[in-house]
Amino acid sequence: MLFRTLLRVLRQRWHRYKYRFVPWIALNLSQNRRTLRYVPEHSKDKIIPDEDVLGTLLKVFQALFIRDFGRQTDILALLPEAVKSKYQDLLVTHHQRTEQPRCNVQQQKIYKPGEVLFNTLGFSISRETSSLISAGKGVFVTRGFVPKGAVVSMYPGTVYQKHEPIFFQSIGNPFIFRCLDGMLIDGNDKGISKVVYRSCNGRDQFGPFKMSDCTWLTSEVQNPLAVGQYVNNCSNDKEANVCYQEFDVPELFPLELKQYLPNIMYSRDTQRSASLRTVISRCDAWSLWHSGTSSQEKSFSPTTTQLSTDLTVSVYLLNYSFGLRDLFSVNFSGLPVVEICLPFEI
């Protein structure tokens, strides 16, 4: 009896670990050809133009800013008059669309972030228990319609350059994502990773202006897109329906909207702007998507629509695939800190 229990525990650990074991990955790539996506070089790893990604993020962040308008007094006081006028106009348009009176802003109905996402992009997502066995949490499309090429989530976390220390954060951490350029994103919302992110967030705050969002570390997430680290890998049973795309935040990104960016650079003196990883839909999908998260697979299931990503190869395996109901993805890199999220890039 004890032997069977021990064997079962070892088998479960192996199923969770094998997706990060390079020899096993190399021997089993042929079984997942349908999830492979070849990326010859970094510049060609674009499903949609960066301009479209930026437009989507600005649209969602501005809607979130209007939602929190009553709590943005300190920030509004420091913004140029032209910018304040723009938000005042957006607020009026919002009230007309929702048929709410303009007066008593603090008494207006406060929409939840998921509702803001639905009203802005036409769909909402959430973390739920994965449909995959022993896969932990996953990401599901719970409402609305997601068109092909839409940005469905963001991969949050601290961004490390290749030379920066991440050894202790990587121990037992399945949420470290290696990018095509060798940079690493630590999307773990617990332990040392959580402490490091909060520390960097407080370090970079400029008066009332926050340079990043840290609510993704809590149960009260302010940016509903910041759940990309919980998108599971595809499998033989669940094909990919989403993939990762890298995106560098432009230097002229609106200062007042940076409070919704779920990424921050580990080094403050870095000359590079924050690097984001967005999850892009590869096919049309209707409401209720699900994806699982764990250190093994991620997926979406068809009753709700699942997202899964394709594999792409260019120095490192990066991209993932999400299935129609569950989100599936697999991430590969030669380092022990590799996270498994979407399909491989090869």
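Residues numbered from 1 in each chain as written. Predicted model: local features only at pLDDT ≥ 70, side-chain atom pairs only at ≥ 80, totals over all residues. Heavy atoms only, no water.

1. Quick look at the pattern of salt bridges
Two side chains that carry opposite charge are able to pair once their charged atoms sit near each other. Spelled out, the test is: Criterion for a salt bridge: a side-chain nitrogen of Lys or Arg within 4 Å of a carboxyl oxygen of Asp or Glu. Exposure classes here rest on a 1.4 Å probe applied to the protein chains alone. A residue is buried below 20% of its type maximum, exposed above 50%, and partly exposed in between.
Tallied over the full model, the rule gives eight salt bridges. Its salt-bridge partner being K190, residue D189 comes within 3.2 Å of it at the nearest N-O pair. With a relative accessible area of 51%, K190 lands in the exposed category. Salt bridges here are not isolated pairs; linked through shared partners, they connect R67, D68 and R71.

2. Notes on the sheet that holds strand β5 (residues 157–160)
Whether parallel or antiparallel, the strands of a sheet pair through hydrogen bonds between backbone atoms. The condition is simple: Strand pairing is defined by DSSP finding a minimum of two bridges between the two strands. Runs of H or I in DSSP of at least four residues are treated as helices and runs of E of at least two as strands, each being numbered from the N terminus. Fitted lines through C-alpha atoms serve as axes, helices being fitted only where they are in contact, and the angles separating the N-to-C directions of these axes extend from 0 to 180 degrees. Here, two residues are considered to be in contact whenever any of their heavy atoms come within 4.5 Å of each other.
Ordered in space as β6-β7-β5-β9, the four strands form an open sheet in which the pairing is mixed. Two strands lie at the open edges of the sheet, namely β6 (176–178) and β9 (263–265), each paired on one side alone. Averaged over neighbouring strand pairs, the angle between their axes works out to 25 degrees when direction is ignored. Relative to β9, β5 runs parallel, the two being bridged by three bridges. Bridge assignment links G157 to a residue of β9, and that residue is N263. Here helix α8 (residues 191–204) sits on the sheet in contact with β5, β7 (184–186) and β9, set at roughly 75 degrees to β9.

3. Observations regarding the nonpolar core
Quick reminder of the rule: Grouping buried Ala, Val, Leu, Ile, Met, Phe, Trp, Tyr and Cys residues that are joined through side-chain atoms within 4.5 Å yields what is termed a nonpolar core.
L57, F61 and F65 are the most contacted members of the largest nonpolar core, which totals 52 residues. L184, C200, L217 and I264 belong to the second largest nonpolar core, which has 12 residues in total.

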